[in-house]
Amino acid sequence: MARSDWFTARLLSVMFTLAGLFGLSRIARSSRLKVWPVLVFALLSYGFCYTGIVARLYALV
């Protein structure tokens, strides 16, 4: 795989993570919750942090 192919594949993972955060913010807003605390809680939680940030480094190996 060329270097640009690896970058594209990793960028796709980043886009999925950002889409998940966007969807979570929409759910929080429709539930009349404050968006920032919900997003901070999600970013600091193990499940989201591991799958969206840490595991991305190893997903392509």
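Computed from a predicted model, the values in this text were never measured in an experiment.

Asks: Please explain the side chain of Ser25 as it appears in this structure.
Replies: In this structure, Ser25 sits in helix α1 (residues 3-30). A residue is classified by how much of its surface remains accessible, and Ser25, at 14% relative accessible area, is buried. Side-chain polar atoms of Ser25 contact the backbone oxygen of Phe22, separated by 2.6 Å. Once residues lying within four places of it in the same chain are set aside, the contact partners of Ser25 are Val35 and Leu39.

Asks: Could you clarify how one ought to interpret a nonpolar patch on the surface in this entry?
Replies: On the surface, a cluster of nonpolar side chains totalling about 420 Å² of accessible area is made up of Phe7, Leu11, Met15 and Leu18. Checked against the element boundaries, Met15 lands in helix α1.

Asks: Whenever I open this one, the confidence of the model for the protein chain confuses me. Can you help?
Replies: Any segment with low pLDDT has predicted coordinates that should not be analysed in fine detail. Here the protein chain shows a mean pLDDT of 81. Residues at 70 or above account for 82%. Within the protein chain, the lowest mean pLDDT, 66, falls on helix α4 (residues 56-59), and the highest, 91, falls on helix α2 (residues 35-44).

Rules used throughout
- Residues numbered from 1 in each chain as written.
- Predicted model: local features only at pLDDT ≥ 70, side-chain atom pairs only at ≥ 80, totals over all residues.
- Heavy atoms only, no water.
- Helix = DSSP H or I, 4+ residues; strand = E, 2+ residues; numbered from the N terminus.
- Buried < 20%, exposed > 50% of the residue type's maximum accessible area, 1.4 Å probe, protein only.
- Polar contact = N/O pair within 3.5 Å; in protein donor to acceptor, adjacent residues only side chain to side chain.
- Contact = heavy atoms within 4.5 Å.
- Patch = residues over 30% accessible without salt bridge, like charges linked within 9 Å, V, L, I, M, F, W, Y side chains within 5 Å.
- Areas by Shrake-Rupley, 256 points an atom, 1.4 Å probe, with all protein chains shown as cover.
- Salt bridge = Lys/Arg side-chain N within 4 Å of Asp/Glu carboxyl O.
- pLDDT = per-residue confidence, 0-100.

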